[in-house]
Amino acid sequence: MTDLIERPTTTDAPAHTGDDHGHDAAHHDHHGPSGLLKWLTSTDHKVIGMNYLVTSVVMLVVGGAFAEIIRAQLVSPTSTLVSLSQYNQLFTMHGSVMIYLFAGPFAFASLANYFVPLQIGAPDMAFPRLNALSYWLYLSGSITMLMGFLVTGGAANFGWVGYAPLSSATYAPGSGADLWIGALMLTGFSAIFSGVNIVATIFYLRAPGMTLFRMPIFTWNLLVVGILILLAFPVLTAGLVMLYCDRHFGTHIFTVQGGGVPLLWQHIFWFWGHPEVYILALPFFGIVSEIIPAMSKKPVFGYKGMVFATLTIAALSMGVWAHHMFTTGAVLLPFFSIMSLLIAVPTGIKIFNWIGSMWGGSLHFSTAMLFAIGFVVTFLVGGLTGIYLASPPLDFFTHDTYFVVAHFHSVVMALVIGGLAGIYYWAPKMTGYMLNEAWGKASFWFIFIGTQVFTFPMYLVGLHGMPRRMGVYPNNPSWQTLNQWESVGALLIGLGTLCFVVSILVAFKQRIPAGNNPWDAGTLEWFTTSPPPHHNFTSLPPIRSERPTWDYNHPDNPALGHGSHAAEASSEKAPA
Amino acid sequence: MTKVGSVESASPSPESLGTTPAPKRRTRTKALLVALAAPLLLASCKVPSFGAYGGASKAGEDTYKLWQGFSIGALIIGAFTLGLIVWAVIRYRKRNDEIPKQTQYNIPLELIYTIVPIVIVIGLFAATVVVENKVVANPTPQATVNVTAFQWGWKFTYPGHKAYVVGQTTQTPELVMPANEDVRFNLVSSDVVHGFYVPEFNFSRYAQPGMTNVFTFNITKPGLYKGQCAQLCGLYHSLMYFNVRVLSQADYAAWLAKKDASTSNAAAAANDSATDNQNDPHTPTKPAYTDFGVN
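1. A look at the overall build of chain A
Scanning chain A from terminus to terminus reveals 17 helices and 2 strands. Over its C-alpha atoms chain A spans a radius of gyration of 24 Å, differing by no more than 12% from the 25 Å that the globule rule assigns to 576 residues. Taking the principal axes of the C-alpha coordinates as reference, chain A spans close to 75 × 50 × 50 Å. Looking at the 576 residues of chain A, the share that counts as buried comes to 62%. Long-range pairs, those at least 24 residues apart, make up 81% of the contacts in chain A with a sequence separation of at least 6.

What follows is the structure in structure tokens.
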């Protein structure tokens, strides 16, 4: 029952592998070039995943540095640290870098690229070369966007949402805006290709026995994210083409003068923008759904409910975009209100399932687990304040204020925290070495406490009426104290990021071997070596549940539940 | 042992996911009743503001009450969930190397935390719709003000009167309106999207090019209120302020008459037709607040 299935050697060309690397069997042990050339030319999903991971974390640091400058500017109501023009560029690029260049690629292309094939027992992604193309489009898009600071007039300065007509040639004539549009098209195509790849990989490259309902929650969430990408991203990319035509080819799609409708941009943008919120969030939900059960030595609680919740979130997320537009006076308020409120239900199910996964377990508070719990708590705050914003009358007076800024920073900081959880959890698998736990825990406490110190005054100052995107507030000096607290929180987050970098550097020096399965986790990636060999597995355990590695290592402790599992378990344990 | 029985024994009781001694259950019921009654008890004494303004208009007060209701709900749900997390973290931390019970499903419990949130959401939605209908209602107005937003200032005109007020960045314009009357606003932008936002009215609305937004205020408390642009509109967005002065009906009539008398016919004619501020003489020609820098 627990015999390993030997994977056929590459000379037998496994029927279900989609790799077309051009490696022939004779080169089985030498997989292309090594060193820098390997990182530049590889089509291995693990190498590309690492490229994505490093690039997106660099983008996180770049976006974070912009945020620190913004927070430094706002400690005084009449600060002249940066000019208003520079301030507009800074928050635009902060938002753009964080959303387009960090959160998205980190969520659906770094850890996903690395671990989705491993979790389903596949040797690579379905389209390895397309995968490499995705990465290079993403990298060139990132560079294109940041080049904006070098051109006359500076980078884009109309906010990361680029509302028409502020983003038109009349009001934003600089080429920084064009670079911003170009960058979004490049990263947009990168995302679409990633989406295609993820969906195809999950549907076609699962190992024998890995049925859909035996896939880990992380992989399930990435499947749903892949589908959402394919629904949402083409809309944004098309919208950007229209915007570019308005700017340069004399069309009037978003300008009143030629009979266009500026509001259309908002519809197009948010029709992408709200599914995007869940494209960003679901992978992190998946990460936490792996870590909490593993660190509690339990199966994920309510597995099928979790999958159902993910599908429900995805379905609802396609019909809530106009809750970003309640104050336009041009959308059907009750419909978008109830759709938005309903998302709280599946999200709540997830939170209770995470608690249920801890309940009755044996919790090991590794850095990864601390970050995972920090994610749940921070996300709870962001989720609850999101419920207010789904109610139009409450949205009317909080929209475009720091209350909204605080809400989505609770959410996105939860994602950053969840991402760090994923790094601490999976780095041993990717590198073969453990990250430094002491510095990691210091990093956690700085970032977790910093996040709350940073967001709570934001909620209050928003309720006091402070609109977002203000470089100075000379009319309202009473907002200063709360703003200074926010800056203290931002500083703590910055210190936590430094601790994170130190924990990586220390790990490089210490080189504590991780072994195949340092956390005694249950999913398939923990069955292979750390780091995994070129085509991931030399053998696979039998796949009879969503925890094949656990079943292999703990044959006497299968998951208990309803249905066949429980029946099997009880018949083994307590024969009648 | 039958199959069904063994399934049940594998699932913990729905109340607690663990074993619950019978005497404890009674205190728990009591605690639950207290928790349910808490909002009612709170309603009878003074409900905190949770940081929001009380609302200077009738609809603003309704919005404020809705805000309080949502906040009480959010606090109870948040505290309950956070309590569960903290409890799990303390109670179930690793004590030995024993492998815990591999519980994966508890259908009754999962149904409870699916259905209860749906019921809560329907309640929140019902309250939302009731308040929303009051906030967006546009009854026959007793006074009307046309508002035009532009980079980076405001123009307020009074249909049927010569009176108008315009100002930008360095000279904050003052919108004058009567108290205790339904005052209709026709809001439009002459360039980019702006946000008409008066925090103490608990309301904001976009000012958009090519599209007029209509809404009504009935301000119950005369006084001076701060307002400003909430939607990013370019370089001087941070400085696009206005004030709202709410006068008694008699004072408002007097102000309007005086303003009418002091306004030349030519200026009034220019304003009457102009919702388009592109060529308006009041559009700032040189940047104000140059001390904040342009580049």
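After that view of the structure, there is still more to cover.
2. What to know about the sheet that holds strand β1 (residues 143–150) of chain B
Residues and elements named next belong to chain B. Reading across from one edge, β3-β2-β1-β5-β8 is the order of the 5 strands in this open sheet, with mixed pairing throughout. A strand with exactly one partner marks an edge of an open sheet, and here the two such strands are β3 (164–168) and β8 (213–217). Each strand axis lies, on average, 20° off the axis of its neighbour in the sheet, ignoring direction. Relative to β8, strand β5 (residues 183–189) runs antiparallel, the two sharing 5 bridges. Note on β8: the bridge partner recorded for V183 is F217.

3. Topic: the sheet that holds strand β7 (residues 203–207) of chain B
Residues and elements named next belong to chain B. Ordered by their spatial adjacency, 5 strands build an open sheet running β4-β10-β9-β6-β7, and the pairing between neighbours is mixed. Whereas interior strands pair on both sides, the edge strands pair on one side only; in this sheet they are β4 (174–178) and β7. Averaged over all pairs of adjacent strands, the angle between strand axes in this sheet comes to 25°, irrespective of strand direction. Where strand β6 (residues 194–198) and β7 come together, 5 bridges link them in antiparallel fashion. Bridging across to β7, V198 finds its partner in F203.

4. Details of the confidence of the model for chain B
Residue and element names in this part refer to chain B. Here chain B averages 82 in pLDDT, while 75% of its residues score no lower than 70. Considering only residues more than four positions removed or in separate chains, one finds that residues 1–23, a stretch of pLDDT under 50, has 31 contacts. Segment residues 273–295: pLDDT under 50, and 39 contacts once partners within four positions in sequence are set aside and those in other chains are kept. Interface confidence for the predicted complex, expressed as ipTM, amounts to 0.89; the pTM equals 0.87.

5. Focus on unusual backbone geometry
Residue and element names in this part refer to chain A. Between A164 and the following residue, P165, the backbone shows a cis peptide bond with an omega angle of 0°. Within the secondary structure, P165 sits in the loop between α4 (128–146) and α5 (175–204). Of the consecutive residues S530 and P531, the connecting peptide bond is found in the cis state with omega at -10°. Phi angles above zero are rare outside glycine, and R469 is one such case at about 65°. Relative to the elements of secondary structure, R469 occurs in the loop between α14 (437–463) and α15 (480–510).

About the cut-offs
- For every chain, the first residue of its written sequence is number 1, and the numbers climb from 1 along that sequence.
- Whichever chain is written first is A, and whichever ligand is written first is 1; the rest continue in order.
- Per-residue local features of the predicted model are confined to residues with pLDDT of at least 70, and side-chain atom pairs are confined, for both listing and counting, to 80 or more; whole-chain, interface and lining totals are unaffected and use all residues.
- The helix count covers DSSP runs of H or I at least four residues long, the strand count covers runs of E at least two residues long, and both are numbered beginning at the N terminus.
- The atom set for the radius of gyration is the C-alpha atoms, and the globule formula is 2.2 Å times the number of residues raised to the power 0.38.
- With C-beta atoms placed from the backbone, a residue is labelled by how many other C-beta atoms lie within 10 Å of its own: buried for 20 or more, exposed for 12 or fewer, partly exposed between the two.
- Residues are treated as contacting if the C-beta atoms built from their backbones sit within 7 Å of each other.
- When DSSP finds at least two bridges between two strands, those strands are taken to pair.
- Lines fitted to C-alpha atoms define the axes, with helix axes restricted to the stretch in contact, and inter-axis angles between N-to-C directions lie between 0 and 180 degrees.
- For every residue, the predictor states its confidence as a pLDDT score lying anywhere from 0 to 100.

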